[in-house]
Amino acid sequence: MCIIPWYYDLKYVYRKHRENMKSIGMNIFKVEVLAAMVMIFHLAICPFTKVEESFNIQAMHDILYHGLDIKSYDHLVFPGVVPRTFLGPIAVSITVAPLVSIANFLHISKFFTQFIVRCCLGAFVLFGVSSFADGVFKKFGSSVKHWFYFTLVTQFHFMFYISRPLPNVFALSLVMMAIGAWLKQQHSRFIWYSAVAILIFRAELALYLGLVLLMEVVAGRLSLVSLFKHAVPAGVLCISLTVLVDSFFWQRWLWPEGEVLWYNIILNKSANWGTEPFLWYFYSALPRALAFSVFLVPLGLYFSPRLRPLILPAVGFVLLYSILPHKELRFIIYVFPVFNVAVALALSRLWMNSSKSTVQKLIAFGAILHLLANLSLTAAFLYISRHNYPGGVAMRYFHQITPPHNKEHVHIDVATAQTGVTRFTQLNNNWIYNKTEDLYPGGHEMMSYTHLFVGASSVNDKALRPYKSTHTVELEVHGFDGISLGKKPSAPFSLKMSPKIYVLKKKLK
């Protein structure tokens, strides 16, 4: 008889556990969908790309529209400073190929395909973030995971970058999956994800993921036998794959990331693109990326010593990478989610303690309000970024005002190509788009085009002088040129806009 109450108690516990798990699942689903919606919003506001993204965006276009016709690919004419791998663009292109086929069948603008491929890349990264967040859930609980997502989506730089086709972003998804596997103590997956990220996409990640690996070996959680059991085949497979595939697309034998490593690290030629002080990542990049959340990172570390093994390799990576003089915020994008775990833990702890007293309730409320401050800063950054792509805007307007049946021959200069123009923006198959560089201004070749896209700061700019008598200005596109103090208290700051791109039309004789 005493078994019956026990049976019903067990059944009740099971039912409550199942209901709780469903509730947690729905909450997790909502925050992950929220992240996807924020990513799409950033992409919709800033649909164009810049010069750093040129190789990957052109590669995805060429894979989708030229297939194996390698001679028609953009990279053979404009190879860039160092070669990059095609494996990332291939993965995205294969994934979206059915959607692109449907869009082409329905005669939807080719520029929409650029939106599709960037959405796919963003989805890849968010999949990696989800894997990382699952590791956070296992180690720190569901509350920390939810606050992690809420923090991440309010910050500008991470959500802005995850749909941008940069080599760092292709690697980002793999890094997130690798760190997530490490948090779940899945060492074999960690090694394989790390090998792909390092050997195919970004060699400098050996600093970050290598530190994590070293910690596991020193702590005795990973044996050297297990390490080499997975690392050797992973290394051989990754290098073989990238060499075989990329040698075909580049039409010569090469290991792209090996050449990048040689150029940036051994020759240190990346310094040609600008240098920053040693601590720049700490006093500039990280505070901008984390926004107001940066102040909660020390609090999270104070609340939980378990965070230190997660944060330590991230800090070590940034320190080691700071040795290179050329620095960009996107180079350390992999550590932003890691620092946000500390922020999330601080928010979670403050929220749980808020019921203990009025003071703690006010502290928790103030800490949560910082997310609104993050959103305000994100709105400002996003508004500025929208005006940073005058080349793309010029190309869009040009297609709107020019009859599609005309036989146009368009020249795109460097400034235009660097600020938004891609093959996805070249919408008319009957027109000729040319990006040949270093043509003599006003020379015979330049005069052979019906339209010229020229980067200039005013109609009196010396770049436009050779065409004063031969061309008319069809478009003047302005872009962001700084921030000025406003004259009204209601608007203390205002954007300075100035001419960036001119579209010239050749006069009829």
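Nothing here was measured: the structure is a model prediction, and the numbers come from that model. (Residues numbered from 1 in each chain as written. Predicted model: local features only at pLDDT ≥ 70, side-chain atom pairs only at ≥ 80, totals over all residues. Heavy atoms only, no water.)

**Student:** Hey, could you go over the overall build of the protein chain for me, with residue numbers and the actual values?
**Tutor:** In terms of helices and strands, the protein chain carries 19 helices and five strands. Taken against the 2.2 N^0.38 rule, which gives 23 Å for 509 residues, the C-alpha radius of gyration of the protein chain at 26 Å falls within 12% of a compact globule. Reported as C-alpha extents along the three principal axes, the dimensions of the protein chain are approximately 105 × 60 × 50 Å. In the protein chain, which comprises 509 residues, the share counted as buried stands at 49%. For the protein chain, the accessible surface area stands at approximately 24,900 Å², while carbon and sulfur atoms represent 66% of it. (Helix = DSSP H or I, 4+ residues; strand = E, 2+ residues; numbered from the N terminus. Rg over C-alpha atoms; globule rule 2.2 N^0.38 Å. Buried < 20%, exposed > 50% of the residue type's maximum accessible area, 1.4 Å probe, protein only. Areas by Shrake-Rupley, 256 points an atom, 1.4 Å probe, with all protein chains shown as cover.)

**Student:** Any details on the nonpolar core? Residues and values, ideally.
**Tutor:** Among the nonpolar cores identified, the biggest contains 119 residues, and Phe 158, Tyr 208, Ile 332 and Val 335 are the most heavily contacted of them. By residue number, the principal contributor to this core is helix 7 (residues 167-183), which donates 13 residues. Setting aside its immediate chain neighbours within four residues, Tyr 208 contacts Val 175, Ile 179, Pro 313, Ala 314, Phe 317, Tyr 334, Val 335 and Val 338. Grouped together as the second largest cluster of nonpolar side chains are eleven residues, Met 446, Met 447, Ala 456 and Tyr 467 included. (Core = buried A, V, L, I, M, F, W, Y, C linked by side-chain atoms within 4.5 Å. Contact = heavy atoms within 4.5 Å.)

**Student:** Tell me about the confidence of the model for the protein chain, and name the residues and values.
**Tutor:** Predicted confidence across the protein chain gives a mean pLDDT of 91, with 93% of residues reaching 70 or more. Note that pLDDT drops below 50 for residues 1-14; the model gives that stretch zero contacts with residues more than four away or on any other chain. Segment residues 16-26 is flagged for pLDDT under 50; beyond a separation of four residues in sequence, or across chains, it makes three contacts in the model. (pLDDT = per-residue confidence, 0-100.)

**Student:** Report on a nonpolar patch on the surface, specifying residues and quantitative values.
**Tutor:** The grouping of Leu 207, Phe 278, Leu 279, Tyr 283, Leu 319, Leu 320 and Ile 323 at the surface amounts to a nonpolar patch, some 650 Å² of accessible area in total. Position of Leu 279 relative to the elements: it lies in the loop between helix 11 (256-266) and helix 12 (280-290). (Patch = residues over 30% accessible without salt bridge, like charges linked within 9 Å, V, L, I, M, F, W, Y side chains within 5 Å. Salt bridge = Lys/Arg side-chain N within 4 Å of Asp/Glu carboxyl O.)

**Student:** Describe helix 8 (residues 187-201), with residues and values.
**Tutor:** An ideal rise of 1.5 Å per residue puts 21 Å on 15 residues; helix 8 measures up with 20 Å between its terminal C-alpha atoms. Regarding helix 8, the residues found buried are His 187, Phe 190, Ile 191, Ser 194, Ala 195, Ala 197, Ile 198, Leu 199, Ile 200 and Phe 201. (Expected span 1.5 Å × (residues − 1).)

**Student:** Now, about the packing of aromatic side chains: what can you tell me, with residues and values included?
**Tutor:** Scanning the entire structure with this criterion turns up 28 aromatic pairs. Consider the rings of Phe 86 and Phe 249, whose centres lie 4.5 Å apart with planes at 15°: the pair is stacked. Residue Phe 86 is located in the loop between helix 2 (54-66) and helix 3 (87-105), and its partner Phe 249 is located in helix 10 (residues 224-250); the two are separated by 163 residues in the primary sequence. The buried category is assigned to Phe 86, whose relative accessible area is 0%. (Phe/Tyr/Trp six-rings, centres within 6.5 Å; stacked < 30°, edge-to-face > 60°.)

**Student:** Can you break down the pattern of salt bridges residue by residue, with the values?
**Tutor:** As enumerated under the stated definition, the model contains eleven salt bridges in all. The shortest N-O distance in the salt bridge between Asp 134 and Lys 145 comes to 2.6 Å. Placement of Asp 134 in helix 4 (residues 110-140) and of Lys 145 in helix 5 (residues 142-154) is noted, with a sequence separation of eleven residues between them. Classification of Asp 134 by relative accessible area gives partly exposed; the value is 32%.

**Student:** Run through helix 2, naming residues and quoting values.
**Tutor:** Here helix 2 spans 17 Å end to end across 13 residues, near enough to the 18 Å set by a 1.5 Å rise per residue. All of the buried residues along helix 2 are Phe 55, Asn 56, Ile 57, Gln 58, Ala 59, Met 60, His 61, Asp 62 and Ile 63. The inward-facing, buried residues of helix 2 abut helix 3, helix 4, helix 7 and helix 10. Directly beyond the C-terminal end of helix 2, a positive phi value near 60° is found at Gly 67.

**Student:** So what about the packing of helix 4 against helix 15 (residues 336-353)? Which residues, and what values?
**Tutor:** Where helix 4 contacts helix 15, the axes come no closer than 12 Å and their chain directions differ by 35°. Considering how the two elements wind past one another, helix 4 and helix 15 form a crossing that is right-handed. Where helix 4 approaches helix 15, its residues Phe 132, Val 136 and Phe 140 are matched on the opposing element by Pro 337, Val 338, Val 341 and Leu 345. Of the residues that constitute the contact of helix 4 with helix 15, the class distribution is seven nonpolar, no polar and no charged. (Axes fitted to C-alpha atoms, helices over the stretch in contact; angles between N-to-C directions. Left-handed = near helix turned anticlockwise from the far one by under 90°. Nonpolar A, V, L, I, M, F, W, Y, C, P; charged D, E, K, R; others polar.)

**Student:** Help me get a handle on the pairing of strand 1 (residues 409-412), residues and values and all.
**Tutor:** Regular strands place side chains that alternate from one sheet face to the opposite one. Where strand 1 lies against strand 2 (residues 432-434), three bridges are found, and the strand directions are parallel. Along strand 2, the bridge assignment pairs His 411 with Asn 434. (Pairing = 2+ DSSP bridges.)

**Student:** Report on the pairing of strand 3 (residues 451-455), specifying residues and quantitative values.
**Tutor:** Burial of strand 3 is extensive: four of the five residues sit out of reach of the surface. Here strand 1 pairs with strand 3 via three bridges, running parallel. What sits directly across from Ile 412, in strand 3, is Phe 453.

**Student:** Just give me the short version of unusual backbone geometry, but keep the residues and values in it.
**Tutor:** Where the residue is not glycine, phi is negative for most of them; where a peptide bond is considered, it is trans in most cases. Its identity is not glycine, yet Gln 185 carries a phi of approximately 60°, on the positive side. Phi at Asn 268 is positive, roughly 55°, even though this residue is not glycine.

**Student:** Help me get a handle on the environment of Glu 216, residues and values and all.
**Tutor:** Considering the arrangement of structural elements, one finds Glu 216 in helix 9 (residues 205-219). Judged by relative accessible area, Glu 216 falls into the buried class, the value being 1%. It is 38 Å that separates the C-alpha atoms of Glu 216 and Ala 373, two residues lying 157 residues apart in sequence. Each residue touching Glu 216, except ones within four places of it in the same chain, is listed here: Trp 182, Gln 185, His 187, Arg 221 and Leu 222.

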